Amino acid sequence: MKDKLSIPDPLISLKEFTAARIAIGRVGNSIPLKQSMEFKLAHAHARDAVYSTLDVDGLINKLKVFELPLFHLHSQAANRQKYLKRPDLGRLLSDESKELLTDFTTKPDVAIIIVDGLSATAVNENAPGLLKILVPLLTAAKISIAPLCLVEQGRVAIGDDIASGLNAKLSLLLIGERPGLSSADSMGAYLTYNPQPGLTDESRNCISNIRKEGMKYKQAAEKIFYLINESFKRKLSGVALKDNAGLLR
Amino acid sequence: MYSFTIRNKVYRFNDLKTLLAKASPYRTGDVLAGVCAESYEERVAAQIALADVPLKTFLNEVIIPYEQDEVTRLIIDDHNFASFSLISHLTVGEFRDWLLSNETDTEVLRSVEAGITPEMAAAVSKLMRNQDLIAVAKKCEVITAFRNTIGLKGHFSTRLQPNHPTDDPKGIAASIIDGLLYGSGDACIGINPATDSPAAVLSLLNLIDTLRQQFEIPTQSCILSHITTTLDLVNQGAPVDLCFQSIGGTEKSNASFGINLALIDEAYQATLSLNRGTIGRNVMYFETGQGSELSANAHHGVDQQTCEARAYAIARKYKPLLVNTVVGFIGPEYLYDGKQIIRAALEDHFCGKLLGLPMGVDVCYTNHAEADQDDMDNLLTLLGVAGCNFIMGIPGSDDIMLNYQSTSFHDALYLRKTLGLKPAPEFERWLIKQGITDDKGGLLQVNPSHKLISGLL
């Protein structure tokens, strides 16, 4: 794409100070084609991420190294359109999925729940890498892990239903975050102590922006491991836990 | 009880609140709230029934009880009967025709604005097509002033929004300079801070104030922190030009924002007392957006557009410089796609203007909404035609702090050029003096050694 008609921007030297799209020049009063296409491509990545689907087979394959049982679950939102329009349905397990989670008598320490959220791409790409570091840390610390759960069309609060169904003391939910223009593959980790249906965000701790160009797996795994230990020690999660966590920003 | 019969089918609507909700054009938020019409026919039946409701009914039948909600009390207690007298004999349907008639001009509209309640404005908007909303809004003129004059016919302003994910001063300054060199920033230079800490907000206030004084820019600054943070800073004598707050249309939704009318009163008086405006005393900047009441579970079964209009009752009490409906930020569960976002923006702009507010619109969307730049171009153009006071100006449309897409500096230039609109007059003179635009508003080629750029380096 040649842009010989575009007027060079006098502010090029200021670009180092911000990731904002400054100094993009102009043709007439309009954005030059090159910058216009860059924007369009970034938006295309974000849109594709919203409509991406959980790679169930790929994830099962990558997660089998942990030798844990695995459940494939679904929310009450039948499809992506419903999911986007009705966040309440994305927080509830479908009846079939609920059936799968009955008859749990053991009390595992941690339930690990992998949810597509607003970017399945994010968990497809980042969940296995994070768990490869985190699961050995948990196992070494004698923290027991419930069957792994893969959830389609889910939102954060669906983890409360699932973890309480599994009788877990704590839930760790990995979910695709709302894609931004610069990051379509950002994964969030939500930690909830004593998960029960009806909890809200202030009872959780969140670690955001887990991805190759954001928070690295090793750093994220260590933060999560630290938080899980603190959470068990103090028997809580959420706002109160965050205040005293030295490792957290 | 309201009803209308279509081909032997009787549609009944228990109260005014239900009638308004069922008459509202389709949007996901009303479905989520469970208040939406169940068929196309029911919606039109509700609209026809609503058209026959006298405007006077809105003064007798409140949609959220007076005893339970201070916004309702404000609406009823501040209603101006003298202004209302000109339209008091009309039904909602007759009001729509009256608004569109040629005799109802800018002056007439101004004379009745204090007699119109938010629910009357919301009701009539539900009977209007997009072009009606544009045609009537275009006739309204709401002019406000602080260090420049905003809202004059033929003028169109922008809030320069130089957000940065960590509030880095150089990063923010770079975006400000970029915007100024594209002619942006006459409505205000307004930053959404990454944190609400008073020290961080104060340093941002000082950053803009220094820049403004150094280059004698005839504009005002605003850091969009919580009103309590701003109030504390005002009381410490910080350089606060405009006091910002997000507001909703019910007492309960405002409680979820951590505010009430007494608090806004206090902050308004405190900010006024700083006396920093040179040509005007409009010191408040409010933001709103359909869906915030439902999102706070504070909607009382009222549809989201009517809730939104009720927030304007609060805004107009404090004679704001700017009111901004952040229409597409809330997400697809409230406004699903470009069509719904565009309709909502035109409704908000119309209702706000009708009630006498200096309306601007954050023409925006998130990545999980069914919308893109083309939808925003459509909305931007419609708002320009409708006489919208201001939009946002963000480098390349991409807000890297709030992670959503709004309008770029270039978008505002497009609109000014295609519709022949100018910036606020004081700001326009400054742009010419700085060699940024010529006297016809055309952008000039700025040299990298321009003092605005070299000043930062």
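Along every chain, residues carry numbers that run from 1 in the direction the sequence is written. The lettering of chains begins at A and the numbering of ligands begins at 1, in the order of writing. Reporting in this predicted model follows two pLDDT cut-offs: at least 70 for local features of residues, and 80 or more for side-chain atom pairs to be given and counted; totals over whole chains, interfaces and linings ignore these cut-offs and use all residues. Side-chain metrics rest on all non-hydrogen atoms present in the structure, leaving aside hydrogens and water.

Caption draft 1: Up close: the overall build of chain A. Helix numbers and strand numbers start at the N terminus; a helix is a DSSP run of H or I with at least 4 residues, a strand a run of E with at least 2. Each helix and strand counted, chain A has nine helices and six strands in total. Its C-alpha atoms put chain A at 70 × 40 × 35 Å along the principal axes. Three exposure classes are used, based on accessible area relative to the maximum for each residue type with a 1.4 Å probe and protein chains only: buried under 20%, partly exposed in between, and exposed over 50%. Per-residue burial over chain A gives 55% buried out of 249 residues. Across chain A, the fraction of contacts at a sequence separation of at least 24, relative to all contacts at a separation of at least 6, is 69%. Note on areas: Shrake-Rupley, 1.4 Å probe, and residue coverage restricted to the protein chains presented here. Element-wise, carbon and sulfur atoms account for 54% of the exposed surface of chain A, whose accessible area totals about 11600 Å². Only heavy atoms enter the contact rule, under which two residues are in contact if any of them lie within 4.5 Å.

Caption draft 2: Looking closely at the overall build of chain B. Summing up its helical and strand segments, chain B has 22 helices and 14 strands in all. Radius of gyration: C-alpha atoms only; globule rule: 2.2 Å multiplied by the number of residues to the exponent 0.38. Relative to the globule expectation of 23 Å for 457 residues, the C-alpha radius of gyration of chain B, 22 Å, shows essentially globular dimensions. Structurally, chain B occupies a C-alpha span of about 75 × 45 × 45 Å along its principal axes. Relative to its full complement of 457 residues, chain B shows a buried share of 65%. Across chain B, contacts joining residues at least 24 apart in sequence account for 76% of those joining residues at least 6 apart.

Caption draft 3: Just the nonpolar core, in detail. All names here are of chain B. Take the buried residues of types Ala, Val, Leu, Ile, Met, Phe, Trp, Tyr and Cys, join any two whose side-chain atoms come within 4.5 Å, and each joined set is a nonpolar core. Ranked by size, the top nonpolar core spans 157 residues in total, and within it Phe95, Ile264 and Leu354 carry the most contacts. It is helix α18 (residues 338-354) that provides the largest number of residues to this core, a total of eight residues. Residues in contact with Leu354, not counting those within four places in the same chain, are Phe95, Leu99, Leu109, Glu113, Ile116, Ala121, Val124, Val136 and Cys140.

Caption draft 4: Representation of the pairing of strand β4 (residues 170-176) of chain A. Residue and element names in this part refer to chain A. When you tally the buried positions in β4, you get seven out of seven residues, the bulk of the element. If DSSP finds at least two bridges between two strands, the strands pair. One ladder, built from six bridges, connects strand β2 (residues 110-115) with β4; its direction is parallel. Residue pairing for β4: Val115 is matched across the bridge by Ile175. The sheet contact formed by β4 and strand β5 (residues 187-193) spans seven bridges and is antiparallel. Across the sheet, the residue bridging to Gly176 is Met187, located in β5.

Caption draft 5: View of the interface of chain A and chain B. Contact with chain A, which involves 37 residues of that partner, is made by 46 residues of chain B. What gets called buried area is simply the loss in accessible area from a 1.4 Å probe that two parts show on being joined, summed for both. The largest per-residue losses of area from chain A upon contact with chain B belong to Phe17(A), Asn29(A) and Arg178(A), which jointly make up 19% of the total buried on that side. Salt bridges are identified by distance alone: a Lys or Arg side-chain nitrogen within 4 Å of an Asp or Glu carboxyl oxygen. At the surface where chain A touches chain B, the tally comes to two salt bridges. The residue Asp398(B) makes a salt bridge to Arg21(A) at a minimum N-O spacing of 2.7 Å.

Caption draft 6: Just the pairing of strand β1 (residues 2-6) of chain B, in detail. Residue and element names in this part refer to chain B. Here β1 pairs with strand β2 (residues 9-13) via five bridges, running antiparallel. Residue pairing across strands places Thr5 opposite Val10, the latter belonging to β2. Remark: two residues form the turn of the hairpin made by β1 and β2, two consecutive strands paired antiparallel; Arg7 in that turn has positive phi of roughly 45°.

Caption draft 7: Broad picture of the pattern of salt bridges. Going through the model one piece at a time under the given rule, you end up with 31 salt bridges over all chains. The partner of Glu230(A) in a salt bridge is Lys233(A), with the nearest N and O atoms 3.1 Å apart. Of the two residues, Glu230(A) and Lys233(A) are both situated in helix α8 (residues 217-234); the distance of three residues between them amounts to about one turn of the helix. Taking relative accessible area as the criterion, Glu230(A) reaches 15% and is therefore assigned buried. Residue Arg110(B) is joined to Glu107(B) by a salt bridge in which the shortest nitrogen-to-oxygen separation is 3.2 Å. Residue Arg110(B) and its partner Glu107(B) are both found in helix α8 (residues 106-112); the two are separated by three residues, about one turn of the helix. Of the residues examined, Glu107(B) reaches a relative accessible area of 51% and is grouped as exposed.

Caption draft 8: Structural context of the packing of helix α19 (residues 373-386) of chain B against helix α20 (residues 409-419) of chain B. Residues and elements named next belong to chain B. Running from amino to carboxyl end, α19 crosses α20 at an angle of 45°, the nearest separation of the two axes being 10 Å. Comparing their axes, α20 and α19 come out oblique. Crossing geometry of α19 relative to α20 is assigned as right-handed. In this structure, α19 contributes Asp377, Leu380, Thr381, Gly384 and Val385 to the contact, and α20 contributes Asp411, Tyr414, Leu415 and Leu419. Axis definition: a line fit to C-alpha positions, over the contact stretch in the case of helices; interaxial angles, taken between N-to-C directions, run 0 to 180 degrees. Small angles under 35 degrees read as roughly parallel and large ones over 145 as roughly antiparallel, with 65 to 115 read as roughly perpendicular and the rest as oblique. Whether a crossing is left-handed or right-handed is set by the direction in which the near helix is turned from the far one by less than a right angle, anticlockwise for left-handed and clockwise for right-handed.

Caption draft 9: Layout of empty space enclosed by the protein. Put plainly, a pocket is an open set of points on a 1 Å grid over the protein atoms alone with protein on both sides within 12 Å along at least five of seven lines, a cavity is a set where a 1.4 Å probe fits but cannot get out, and a lining residue has an atom within 4 Å of a point. Grid points are joined across faces, edges and corners, and a volume is the space filled by probe spheres set on the points. Applying the stated criterion across every chain, the model contains six cavities of 30 Å³ or more. Contributing to the lining of the largest cavity are 14 residues, with Asp9(A), Pro10(A), Arg26(A), Leu181(B) and Tyr182(B) lying nearest its centre. In this structure, the second largest cavity spans a volume of roughly 90 Å³. Forming the walls of the second largest cavity are Thr106(B), Leu109(B), Arg110(B), Val112(B), Glu113(B), Ile116(B), Cys140(B), Glu141(B), Val142(B), Lys353(B) and Leu354(B). Secondary structure elements with two or more residues in the lining of the second largest cavity: α8 and α18 of chain B. Considering every element that reaches the lining of the second largest cavity, the biggest residue donor is α8(B), with four residues. Looking at side-chain class alone, the lining of the second largest cavity contains six nonpolar, one polar and four charged residues. Following the grouping adopted for this structure description, the nonpolar residues are Ala, Val, Leu, Ile, Met, Phe, Trp, Tyr, Cys and Pro, the charged ones are Asp, Glu, Lys and Arg, and the polar ones are all others, Gly among them.

Caption draft 10: The sheet that holds β4(A), seen in detail. All names here are of chain A. Strand order in the open sheet formed by six strands is β1-β3-β2-β4-β5-β6, and the pairing between neighbours is mixed. Strands with a single pairing partner mark the edges of an open sheet, and in this sheet they are β1 (70-74) and β6 (204-210). Direction aside, the axes of adjacent strands within the sheet are offset by 20° on average. Sitting on the sheet, helix α6 (residues 120-140) touches β2, β4, β5 and β6, and the angle it makes with β4 is about 150°.

Caption draft 11: Region of the structure containing the environment of Leu443(B). Assignment of secondary structure puts Leu443(B) in the loop between α21 (425-433) and α22 (451-454). For Leu443(B), a relative accessible area of 14% puts it in the buried group.

Caption draft 12: Geometry of α21(B). Residue and element names in this part refer to chain B. Inspection of α21 places Pro425, Glu426, Phe427, Glu428, Trp430 and Leu431 among the buried residues, and these make up the whole buried set. Turning to α21, the residues buried within the fold contact β4 (149-150), α11 (169-181) and α22. One or two steps after α21, the chain reaches Gly435, where phi turns positive at roughly 75°.

Caption draft 13: Region of the structure containing unusual backbone geometry. Not every positive phi belongs to a glycine, and Glu67(A) is a case in point at roughly 55°. Residue class for Glu67(A) comes out exposed when judged on its relative accessible area of 72%. With a phi close to 55°, Asn275(B) is a non-glycine residue in the positive phi region. Relative to the elements of secondary structure, Asn275(B) occurs in the loop between α15 (261-274) and β9 (284-288).

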